[in-house]
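Residue strings, one per chain:
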Amino acid sequence: KNSMTGKRFSGLPQVEPVMDAAGNPIVDEGYDLSLFTYKEIFGGQSRTVSSAWLQAAVFPENFILMNSIDAAARGLKDGDMARIVSASLPDASFDLGDGRSHEVKGKVKIIEGIRPGSVAVSWSYGHWAYGSNDVEIDGEIIKGDARRASGTVPNPSMRVDPTVGDVCLTDPIGGSASFFDTRVRVEKA
């Protein structure tokens, strides 16, 4: 049974629109790209950035991956900086709660291996904590490593469930984050 509605799930596969936890369809007008996230083959969880070798030698930053058709329609070229905006993050920026803010932006990388109408960003990059900035502990400044902040993190752009209010859309059967249901716009920064 669906824990939010109490209704039984079908025993057969169903094709349904993207919905919030209460079963209401999510329609985000003006956001024309589907955002999806993935892990780089050498990465895992958020801890990849802690490996200086992997970061420096293999892949020092991630990218906003787009098809050439979508990039051209937005006037974007390889290496251009762009912001990812969504209905939940309409200005691409969010407050960290400590006097700082973070903007979801990164370098565009155009590849033909991504379907037009979608945009992909690997995660494990773009940390705003995790040793990326200076912190004060017991009056002593512990220096951060700015390399840990390289690239961008797509998670803040993910669609917040309007019924629940403080989490992204979720899969009602498995309960995990719905990583493929956020609609976004990519704008030149």
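Structure first, text after, so check above.
Let me sum up the structure you'll find in this document. (Residues numbered from 1 in each chain as written. Predicted model: local features only at pLDDT ≥ 70, side-chain atom pairs only at ≥ 80, totals over all residues. Heavy atoms only, no water.)

1. A closer look at the overall build of the protein chain
From N to C terminus, the protein chain includes two helices and ten strands. For the protein chain, the α and β elements follow one another from N to C terminus as β-α-β-α-β-β-β-β-β-β-β-β. Projecting the C-alpha coordinates of the protein chain onto the three principal axes gives extents of approximately 55 × 45 × 30 Å. A buried classification covers 32% of the 189 residues belonging to the protein chain. Taking as baseline every contact in the protein chain between residues at least 6 positions apart, the subset at least 24 positions apart corresponds to 71%. (Helix = DSSP H or I, 4+ residues; strand = E, 2+ residues; numbered from the N terminus. Buried < 20%, exposed > 50% of the residue type's maximum accessible area, 1.4 Å probe, protein only. Contact = heavy atoms within 4.5 Å.)

2. Let's talk about the sheet that holds strand β1 (residues 33-38)
Spatially, the six strands close up into a barrel ordered β1-β7-β2-β6-β3-β10, and their pairing is mixed. Adjacent strand axes in the sheet meet at a mean angle of 45° when their direction is disregarded. As judged from the three bridges shared by strand β2 (residues 64-66) and strand β6 (residues 105-110), these two strands associate in the parallel manner. Within β6, the residue paired with M66 across the bridge is I110. (Pairing = 2+ DSSP bridges. Axes fitted to C-alpha atoms, helices over the stretch in contact; angles between N-to-C directions.)

3. As for the nonpolar core
Membership of the largest hydrophobic core comes to 16 residues, with the highest contact counts inside it found for I64, M66, L76, I84, V119 and V186. Residue assignment for this core shows that the elements contributing at least two residues are β1, β2, β3 (81-86), β7 (118-122) and β10 (182-188). Beyond its immediate sequence surroundings of up to four residues, I84 is in contact with I64, L89, A92, V104, V121, S157, V184, R185 and V186. (Core = buried A, V, L, I, M, F, W, Y, C linked by side-chain atoms within 4.5 Å.)

4. Considerations on the packing of aromatic side chains
Within the structure shown, the criterion is met by one aromatic pair. When the centroid spacing of 5.1 Å and the interplanar angle of 75° are considered together, the rings of F94 and W128 count as edge-to-face. One end of the pair, F94, is in strand β4 (residues 93-95); the other, W128, is in the loop between β7 and β8 (135-137), and 34 residues separate them in sequence. For F94, a relative accessible area of 17% gives the class buried. Positioned over the ring face of Y130 is R148, at 5.2 Å from the centre of the ring. (Phe/Tyr/Trp six-rings, centres within 6.5 Å; stacked < 30°, edge-to-face > 60°. Lys NZ or Arg CZ within 6 Å of the ring centre and 35° of its normal.)

5. Details of the pattern of salt bridges
Counted by the stated rule, this structure contains eleven salt bridges. Between D80 and K188 there is a salt bridge; the shortest N-O distance is 3.6 Å. With D80 in the loop between α2 (68-73) and β3 and K188 in strand β10, this pair connects stretches of sequence that are 108 residues apart. Salt-bridge contacts for E187 lead to R185; the nearest nitrogen and oxygen are separated by 3.1 Å. (Salt bridge = Lys/Arg side-chain N within 4 Å of Asp/Glu carboxyl O.)

That is the geometry; function is a separate question.
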